[in-house]
Amino acid sequence: MSDCIFCKIASGEIPTDFVYSDDNIVAFRDLNPQAPVHVLIIPRKHYASAAVVDDEKVFSDLMSGAVKVARALGLEDKGYRMVINTGEEGGQTVLHLHLHLLAGRNLGWPPG
Ligand code: DGP
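Residues numbered from 1 in each chain as written. Predicted model: local features only at pLDDT ≥ 70, side-chain atom pairs only at ≥ 80, totals over all residues. Heavy atoms only, no water.

A. Region of interest: the site of the ligand. Around the ligand, a shell composed of 15 residues is seen, among which Arg29, Asp30, Asn85, Thr93 and His100 lie nearest. A distance of 2.8 Å separates an oxygen atom of the ligand from a polar atom in the side chain of Asn85. Here an oxygen atom of the ligand and a side-chain polar atom of His98 are 2.8 Å apart. For the shell around the ligand, the secondary-structure elements that each account for two or more residues are helix H1 (5–11) and strand S2 (25–29). Looking at the shell around the ligand, the element that brings in the most residues is H1, giving three residues. Of the residues that constitute the shell around the ligand, the class distribution is seven nonpolar, six polar and two charged. (Near = heavy atom within 4 Å. Polar contact = N/O pair within 3.5 Å; in protein donor to acceptor, adjacent residues only side chain to side chain. Helix = DSSP H or I, 4+ residues; strand = E, 2+ residues; numbered from the N terminus. Nonpolar A, V, L, I, M, F, W, Y, C, P; charged D, E, K, R; others polar.)

See below:
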């Protein structure tokens, strides 16, 4: 998608430091962090949201990528949260599927 900011990040058109990348996903720090650790994991392929994904491997790529990032950042002991906001009431603001990896503080429940 030519006008998608996360497609531009994934392709390198917008230079971004990747915390992790492979053939299918990239991970980078959130611009507006909601916790001391806030990393976004996205598929290289554009999907507007989780609701339109037609290949379940996309979800396993995202989740296993997030767990790899969590391990690399040493988050296993204290814990972390993985979140996929989906659609308007789900709080999604960027229309390219992304998984939030949040850690580094006590995360409240239920979320707002
Ligand atoms: P969501 O509300 O779930 O759609 O989360 C979108 C997140 O994306 C939000 O936490 C801010 C982040 N974000 C938006 N634009 C950029 C950007 O250009 N770079 C980075 N690193 N993060 C961005």
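B. Up close: the sheet that holds strand S3 (residues 37–43). The strand order across the open sheet formed by five strands is S1-S2-S3-S5-S4, and the pairing between neighbours is antiparallel. Two strands in the sheet have a free side with no partner beyond their single neighbour: strand S1 (18–21) and strand S4 (81–83). Across the sheet, the mean angle separating the axes of adjacent strands is 20 degrees when strand polarity is ignored. Sheet topology places S4 next to strand S5 (residues 99–103); three bridges connect them, and they run antiparallel. Within S5, the residue paired with Val83 across the bridge is His100. (Pairing = 2+ DSSP bridges. Axes fitted to C-alpha atoms, helices over the stretch in contact; angles between N-to-C directions.)

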